[in-house]
Amino acid sequence: MTTERAAVDVAAIAAHAARDAKVPSVAFLDGYVEMLVAVSTTGRRLADEELASRRLLGAAAAEQNVPLRALVDLYLSANWLTWRELPAVAGATGARVRDVAESVLRATDDAIVALAEGYDEAQRLVMRQEEARRREFIDDLLNGRSDFGRLAETAERFGLRLAGQLAVAVASADRSFVDGDSLTRRVESNLLTRFGVRDVLVTTKDGLLICITAGLGADVLLEFARQVAAVMGTTHRWRVGVGRAHQGPGGAMRSFEEACGTLDLADSLELADRVLHAAELLVFQVLLRDRIALIDLVTTVLGPLEQARGGAKPLLDTLAGYFASGGVNAAAARRLHLSVRAVTYRLDRVRRLTGHDVTEPTQRFTLEAAVLGARLLDWPEQPLPSAD
């Protein structure tokens, strides 16, 4: 057996195969030609330790960014180069040649499968590590938990520049978004196809779908909303909150908080719009900023409505419908499924109880602000806390 193995020029075959397959190192063939010589002589299967060595080489190739196609080409090239040099083939005829060929091809199959297993496992490990780093970066960026210098350095790795203005849009739905699912991939793929891979990042967090953009402005976030609408269709309930753009690494956190706050406000106020911009809801933020003043406003302006027969809710709903209809009694009546006379009567009742008239501009503003405050506080369904 030693004589047969010596008859094969292993180094020359490995070098030729590496050139043929355009692989940078012959090390990925280490021991393979010798395996073929042994298999051709004995007809045995590759041993467990030999297969394990192929898995290790497959993993090494993946870590060194050698394409799997090139690795397979390397082994197939080694096969045909070795075949004509195999001592077991020299002088063999008929059934013997077929037996040798069967043994060699079976060994090749086993070796390449083991290579691919090692390669794939290494790739999966790299992907898991990369996803973990990406998840850590996103959490740090949106929660403001990391040093800005470190964040900026990591952001470059994921194609995001933090020096300019950053803006965030957040989508919520009646189903959770998760990384890698079909809906998330479609939104991400369509966005990246249009805007490129730099300065656009699509991810998920706590069941939300999130788009972060650096310097590309409102166009990206509006397209994100359009893509969410396209993938969700009419079978799901969904909503997108769009934060304002803010400067620097901390801008992503501020914009994310605004986008999430917009979604919370939309739910509290039962807004019908699917896409809401934080900039358009600043009045609600102003109202919420001073909760004590908000409670005082609702108590003082709308508290007297509780004296009405049936309580405050019917009159409050009438005010909300009236303001939502642009202050037109007929439109409010259609919205509320009431007669115009009933709407007029209720608005007059509000005037007599509160002392505020919806037809007087200053008093109308006060009433409208109080109605918004009542919805934010879920009054009268929930009792108002003390403003003291």
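Note that this is a predicted model, so its numbers are computed, not measured.

Participant: Help me get a handle on the overall build of the protein, residues and values and all.
Facilitator: Of regular secondary structure, the protein possesses 16 helices and six strands. Rg of the C-alpha trace for the protein: 35 Å, well past the compact-globule value of 21 Å for 388 residues, more than 25% over. In terms of overall dimensions, the protein has a C-alpha envelope of 115 × 45 × 35 Å along the principal axes. The 388 residues of the protein split such that 43% are buried. Taking all contacts inside the protein whose residues are at least 6 apart in sequence as the whole, residues at least 24 apart take part in 69%. Distance from the positive charge centre (46 side chains) to the negative charge centre (52 side chains) of the protein: 6 Å.

Participant: Describe the environment of Asp109, and please don't skip the residues or the numbers.
Facilitator: Following the sequence through the fold, Asp109 ends up in helix H6 (residues 95–143). Classification of Asp109 by relative accessible area gives partly exposed; the value is 45%. Spatially, the C-alpha atom of Asp109 lies 88 Å from that of Arg351, the residues being 242 residues apart in sequence.

Participant: I'd like a rundown of the state of the cysteines, residues and numbers included.
Facilitator: Tallied over the entire structure, the rule returns zero disulfides. Cys211 forms no disulfide, and the closest cysteine sulfur to it belongs to Cys260, at a distance of 13 Å. The exposure class assigned to Cys211 is buried, which follows from its relative accessible area of 0%. For Cys260, a relative accessible area of 18% gives the class buried.

Participant: Let's hear about the packing of aromatic side chains: which residues, and what values?
Facilitator: Applying the stated criterion across every chain yields a total of two aromatic pairs. Their ring planes at 50 degrees and their centres at 4.4 Å tell us that Tyr32 and Tyr75 sit as a pair that is tilted. You can see Tyr32 sitting in helix H3 (residues 32–42) and its partner Tyr75 sitting in helix H5 (residues 68–83), a full 43 residues away along the chain. Here the two residues Tyr32 and Tyr75 agree in accessibility, since each one is buried. Here Tyr322 and Phe323 contribute two aromatic rings whose centre-to-centre distance is 5.7 Å and whose plane-to-plane angle is 65 degrees, an arrangement assigned as edge-to-face. The cationic tip of Arg175 hangs over the ring face of Phe177; the distance from NZ or CZ to the ring centre is 5.5 Å.

Participant: With reference to specific residues and values, describe helix H15 (residues 340–354).
Facilitator: Between its first and last C-alpha atoms H15 spans 21 Å; for 15 residues at 1.5 Å apiece the expected length is 21 Å, and the two agree. Taken together, the buried residues of H15 touch helix H12 (291–302), helix H13 (313–324), helix H14 (329–336) and helix H16 (361–376). Of the residues flanking the end of H15, it is Gly355, one or two places downstream, whose phi is positive at about 80 degrees.

Participant: Which residues make up the side chain of Thr213, and what values do they have?
Facilitator: Note on placement: Thr213 falls in strand S3 (residues 208–214). For Thr213, the side chain forms a polar contact with the main-chain oxygen of Asp199, separated by 3.3 Å. Contacts of Thr213, omitting those with residues within four sequence positions, involve Gln165, Leu166, Ala167, Asp199, Val200, Val220 and Leu221.

Participant: Let's hear about helix H8 (residues 182–195): which residues, and what values?
Facilitator: For H8, spanning 14 residues, the distance from its first C-alpha to its last is 20 Å, which sits close to the expected 20 Å at 1.5 Å a residue. Leu183, Thr184, Val187 and Leu191 are the residues of H8 that are buried. Each buried residue of H8 lies within a common arc of 105 degrees when the element is viewed along its axis, so the set occupies one face. Here the buried face of H8 lies against strand S2 (200–205), S3 and helix H9 (218–232). A positive backbone phi angle near 90 degrees is found at Gly196, which sits one or two residues after H8.

Participant: I'd like to hear about the nonpolar core, residue by residue, with values.
Facilitator: Ranked by internal contacts, the top residues of the largest apolar core, which has 41 residues, are Phe28, Leu29, Tyr32, Leu46, Leu71, Leu74 and Tyr75. Mapped by element, the contributors of at least two residues to this core are helix H2 (10–21), H3, helix H4 (48–63), H5 and H6. Residue contacts for Tyr75: discarding those within four places in its chain leaves Phe28, Leu29, Tyr32, Arg54, Leu57, Ile112 and Leu115. Grouped together as the second largest cluster of nonpolar side chains are 35 residues, Phe284, Leu319, Tyr322 and Leu347 included.

About the criteria used
- Residues numbered from 1 in each chain as written.
- Predicted model: local features only at pLDDT ≥ 70, side-chain atom pairs only at ≥ 80, totals over all residues.
- Heavy atoms only, no water.
- Helix = DSSP H or I, 4+ residues; strand = E, 2+ residues; numbered from the N terminus.
- Rg over C-alpha atoms; globule rule 2.2 N^0.38 Å.
- Buried < 20%, exposed > 50% of the residue type's maximum accessible area, 1.4 Å probe, protein only.
- Contact = heavy atoms within 4.5 Å.
- Lys, Arg positive; Asp, Glu negative; His and termini not counted.
- Charge placed at Lys NZ, Arg CZ, Asp CG, Glu CD.
- Disulfide = S-S within 2.5 Å.
- Phe/Tyr/Trp six-rings, centres within 6.5 Å; stacked < 30°, edge-to-face > 60°.
- Lys NZ or Arg CZ within 6 Å of the ring centre and 35° of its normal.
- Expected span 1.5 Å × (residues − 1).
- Polar contact = N/O pair within 3.5 Å; in protein donor to acceptor, adjacent residues only side chain to side chain.
- Arc of directions from axis to C-beta.
- Core = buried A, V, L, I, M, F, W, Y, C linked by side-chain atoms within 4.5 Å.

That is the geometry; function is a separate question.
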